[in-house]
Amino acid sequence: MIPVVEANELTKTFDSHIAVDHLNFKVEEGEVFGLLGPNGAGKTTTIRMLACLISPSEGSAKVSGHKIDENPIAVRQTVGILTENPSLYERLTAQENMDFFAEAYNLSEPQEKAIRIRELLEFFDLWERRNDKVATFSKGMKQKLAIARALVHKPPILFLDEPTAGLDPESAKEVRDLMETLSQREKHTILLCTHHLEDAERLCKRVMIINKGKSVVVGTPDELRDRIAGKPKIQINLKKLDQKIAEAAKRVSHVEQVDVDKSASKLTIVLDDISSGTPEVVKSIVDAGGLILSVYTIRPSLEEAYLKMVKEKR
Amino acid sequence: MRIEKAMLVFKKDWREIRRNWQVILPILLVPLIISVFLPVILGLIPSFAVGQGSSLTGFETLIENLPSHVQEQLAGMTENQVMIYVMAVYFFAPFFLIIPLMASSVISSDSFAGEKERKTIEALLATPISDGELFFGKMLVSFIPSMIVTIVSFAVYTAVFDITAYGLFNGMLLLPTIDWILLIFGLAPTVALASIGLTVMISAKVKGFREAQQISVILLIPVLALVFGQVTGAIIFGPLVILALIGLFGFIDFAVFRAAVKLFKREEILTKLA
């Protein structure tokens, strides 16, 4: 795959404060890549450098093959950006906001512009309100309009900075659903900055956790979970648990450890290979006369992985 | 530089401004009141001057410094006619240099500082509009309305004055003169552009609108100096002086624009968000 965003030793210093410290990462075409980190971790500064809004103190980056320090206008034309604030003109209507940004991004042909704006406003369920001033919109509607604005010139790359921040759960879910549809339907490469792990878990193919400007870890959400979870575990709930059933489970070759909770009729089993071990364990329990109510894999959430990794680096 | 991009910024800002009556009213009302009020006062002078002795007290220096061809014109006039003529044609002329500055000051102070305050600046800076296009667009939105207001004020002033003074000067129309035309269509725009350029530059550098407006008041000082120079008779705005000033301010406009674009730093604007 071709990397469309490539950061090499990207660093930003404000006076003596290092906001971003030698970041290295690549985002492949069509990938949704998450930048995860607590407030002040350097996520917004990273996005601002990649969008040519601020210049790096050290290092370099390429966006769509353009070096950020050599061709900022070409980089800006290639990306759509959702900034921390919706950055919408509240005295203008939704349509006027979209018109302005469409033309600013060189989508000037009237018919093409009108079709694109209508398509986006309908997609974001804002078409009926197109002639209303943005000042009358709810926070969720403003956020949807800001995402629509970022997409108006059909950019191949999207930088989304905290797209669900400050939204009520319903609006946040709506925006998350829209982003999922966007990444699947329009195949944008998305760099998503967030501290909402739910967003990252649901949308990102890979995530990079950053803390105090430094990269802590890069990987898929599953890889990050596995990294802290150690060996895979399964939990089996039975109608009734006795010693004979527990012994039968221990005898299976893939089993490394069995924790028995008789009061809850529950076995927690550590396996060396989850796909081969699970059916064998289930068979041995059934053969020993156990009545299984449920079997499921225990995996830590991305949140647990994130908190552990951020804590370790403090 | 793509002019259409600058015009795009102009159109967007103008749409916002025209919906804000708190900004529009002072821009429109103050100059229009001045342009009606001043000639009406002039028209009333003869009735106030009756029995007051010489009405030329205080104007001697100004009259003495007028070019010889103007003094020849004044030769056959009564004292009231001389005073009204001098006030209308020379004394009030530099006030029309202040009108575009007053009219533009609110808009130009708001140009970048207002966008910072309203948190709309980041998305604007993220567009592929170049620094020069952005800066020029922000200048246009101050320049075009302020010049329209100035020209309309001048037209109103001319019409009201000519109507009120019609009888006193036996049907002679005194305005516009060549000096006024040069002043309104040559000097006022160049002075306004210099002031607007500097104010927009200040607006990009400071955190908020009020700070920008307070600093931009300083820019009125050189123009006020021209006004007082004319009032005291130290400078007379004859055609040559006006043409020289147009040249000087044209050069200043160019230098200010070049410097402003060079000093325009998107990063500095973002790090100074209110």
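Note that this is a predicted model, so its numbers are computed, not measured.

Undergrad: Break down the overall build of chain A for me, with residues and values.
TA: Scanning chain A from terminus to terminus reveals eleven helices and 14 strands. For chain A, the C-alpha atoms occupy an extent of roughly 75 × 50 × 35 Å along the three principal directions. Looking at chain A as a whole, 42% of its 314 residues qualify as buried. When contacts within chain A are restricted to residue pairs at least 6 apart in sequence, long-range pairs at least 24 apart make up 69% of them.

Undergrad: Run through the interface of chain A and chain B, naming residues and quoting values.
TA: Contact with chain A, which involves 23 residues of that partner, is made by 19 residues of chain B. Contributions of two or more residues to the side of chain A that touches chain B are made by helix H2 (72-78) and helix H3 (94-104) of chain A. Of all the elements, H3(A) adds the most residues to the side of chain A that touches chain B, at five residues.

Undergrad: Quick one: what's the story with the pairing of strand S2 (residues 17-28) of chain A, residue by residue and with numbers?
TA: Residue and element names in this part refer to chain A. Pairing of strand S1 (residues 3-14) with S2 involves eight bridges; the strand directions are antiparallel. Counted as the bridge partner of Pro-3 is Glu-28 from S2. Counting the residues in the hairpin turn of S1 and S2 gives two residues, including Asp-15, whose phi is positive at 55°.

Undergrad: Describe the confidence of the model for chain B, naming the residues involved and giving the relevant values.
TA: Summary statistics for chain B give a mean pLDDT of 85 and a share of 93% for residues scoring 70 or more. Of the two predicted TM-score estimates for the complex, the pTM is 0.81 and the ipTM is 0.83.

Undergrad: Give me the packing of helix H1 (residues 3-18) of chain B against helix H8 (residues 131-165) of chain B: which residues, what numbers.
TA: Residue and element names in this part refer to chain B. Where H1 meets H8, the axes come as close as 7 Å, and the angle between the chain directions of the two elements is 45°. With respect to each other, H1 and H8 are oriented oblique. Crossing geometry of H1 relative to H8 is assigned as right-handed. Facing Lys-5, Ala-6, Met-7, Leu-8, Val-9, Phe-10, Asp-13, Trp-14 and Ile-17 of H1, the residues of H8 in contact are Glu-133, Leu-134, Phe-136, Gly-137, Lys-138, Leu-140, Val-141 and Ile-144. Residues belonging to the contact of H1 with H8 are distributed by class as follows: twelve nonpolar, one polar and four charged.

Undergrad: Can you explain the sheet that holds strand S5 (residues 66-67) of chain A? Please cite residues and give values.
TA: All names here are of chain A. Spatially, the four strands line up as an open sheet ordered S2-S1-S4-S5, and their pairing is antiparallel. Edge strands, defined here as strands with exactly one partner in the open sheet, are S2 and S5. Sheet topology places strand S4 (residues 58-63) next to S5; two bridges connect them, and they run antiparallel. Residue pairing in the sheet places Val-63 in a bridge with His-66 of S5. Seen against the sheet, helix H1 (residues 43-50) touches S1, S2 and S4 and runs at an angle of roughly 120° to S1.

Undergrad: Can you tell me about the sheet that holds strand S8 (residues 189-194) of chain A, naming the residues and giving the values?
TA: All names here are of chain A. Taken in spatial order, the six strands make up an open sheet running S6-S7-S8-S3-S9-S10, and their pairing is mixed. Looking along the sheet, the strands with just one partner apiece sit at the ends: strand S6 (79-82) and strand S10 (214-219). Averaged over neighbouring strand pairs, the angle between their axes works out to 15° when direction is ignored. Summarising the sheet, strand S7 (residues 157-161) and S8 pair through five bridges and their orientation is parallel.

Undergrad: Describe the domain arrangement of chain A, listing the residues and the values that go with them.
TA: Size of an interface: often given as the accessible area lost when the parts come together. What the domain assignment reports for chain A is domain 1 (3-226) and domain 2 (233-298). Between the C-alpha centres of domain 1 of chain A and domain 2 of chain A the distance comes to 46 Å.

Undergrad: Please provide a residue-by-residue account of unusual backbone geometry, values included.
TA: Residues and elements named next belong to chain A. A positive phi angle, close to 50°, is found at Lys-154, a residue other than glycine. Relative to the helices and strands, Lys-154 is located in the loop between helix H5 (139-151) and S7. In this model, Ser-265 sits at a positive phi of 50°, which is unusual for a non-glycine residue. Checked against the element boundaries, Ser-265 lands in the loop between strand S12 (255-261) and strand S13 (266-271).

Undergrad: Can you break down H1(A) residue by residue, with the values?
TA: An α-helical turn contains 3.6 residues, so any two residues separated by three or four positions project in the same direction. All names here are of chain A. In terms of burial, H1 is largely enclosed, as eight of its eight residues are buried. All of the buried residues in H1 are Lys-43, Thr-44, Thr-45, Thr-46, Ile-47, Arg-48, Met-49 and Leu-50. Backbone geometry just after H1 places Cys-52 at a positive phi near 60°.

Undergrad: Can you lay out the nonpolar core for me, pointing to particular residues and giving the numbers?
TA: Among the nonpolar cores identified, the biggest contains 146 residues, and A:Ala148, A:Leu192 and B:Leu183 are the most heavily contacted of them. In terms of residue count, the dominant contributor to this core is helix H9 (residues 178-205) of chain B (15 residues). Not counting chain neighbours up to four residues away, the residues in contact with A:Leu192 comprise A:Val32, A:Phe33, A:Gly34, A:Leu35, A:Leu160, A:Asp199, A:Ala200, A:Leu203 and A:Cys204. In this structure, A:Leu241, A:Leu267, A:Val281 and A:Ile285 belong to the second largest nonpolar core, which totals ten residues.

Undergrad: Help me get a handle on the packing of helix H9 (residues 243-250) of chain A against helix H10 (residues 274-287) of chain A, residues and values and all.
TA: All names here are of chain A. Viewed as axis vectors pointing N to C, H9 and H10 meet at an angle of 150°, and their least axial separation amounts to 8 Å. In this view, H9 runs roughly antiparallel relative to H10, as classed from their interaxial angle. The crossing of H9 and H10 is right-handed. Two secondary-structure elements touch here, H9 through Ile-245, Ala-248 and Ala-249 and H10 through Val-281, Ser-284, Ile-285 and Asp-287. Each residue belonging to the contact of H9 with H10 can be placed in one class, and the counts come to five nonpolar, one polar and one charged.

Cut-offs used in this document
All chains use their own residue numbering, which begins from 1 and follows the written sequence. For this description, chains carry letters from A and ligands carry numbers from 1, given in the order in which they are written. The predicted nature of this model means local features are confined to residues of pLDDT at least 70 and side-chain atom pairs, given and counted, to a pLDDT of 80 or more, with totals for whole chains, interfaces and linings taken over all residues. Here a strand is any run of E in DSSP of at least two residues, a helix any run of H or I of at least four, and the numbering for each starts at the N terminus. Three exposure classes are used. Buried residues have 20 or more other C-beta atoms within 10 Å of their own C-beta, exposed residues have 12 or fewer, and partly exposed residues fall in between, all C-beta atoms being placed from the backbone. Any pair of residues counts as being in contact when their C-beta atoms, constructed from backbone geometry, are within 7 Å of one another. Strand pairing is assigned whenever DSSP identifies at least 2 bridges connecting the two strands. What pLDDT expresses is the predictor's confidence in each residue, scored from 0 to 100. Angles here are taken between N-to-C directions and fall from 0 to 180 degrees, while the axes themselves are lines fitted to C-alpha atoms, restricted in helices to the stretch in contact. When describing relative orientation, an angle under 35 degrees is termed roughly parallel and one over 145 degrees roughly antiparallel, while 65 to 115 degrees is termed roughly perpendicular and anything else oblique. Note on convention: near helix rotated counterclockwise from far helix by under a right angle means a left-handed crossing. Clockwise means right-handed. Note that Gly is not counted as nonpolar here; it falls among the polar residues with everything else outside the nonpolar set of Ala, Val, Leu, Ile, Met, Phe, Trp, Tyr, Cys and Pro and the charged set of Asp, Glu, Lys and Arg. Where each domain starts and ends comes from a domain assignment, either automatic or drawn from a database. A set of buried Ala, Val, Leu, Ile, Met, Phe, Trp, Tyr and Cys residues, joined through C-beta atoms within 7 Å, is what we mean by a nonpolar core.

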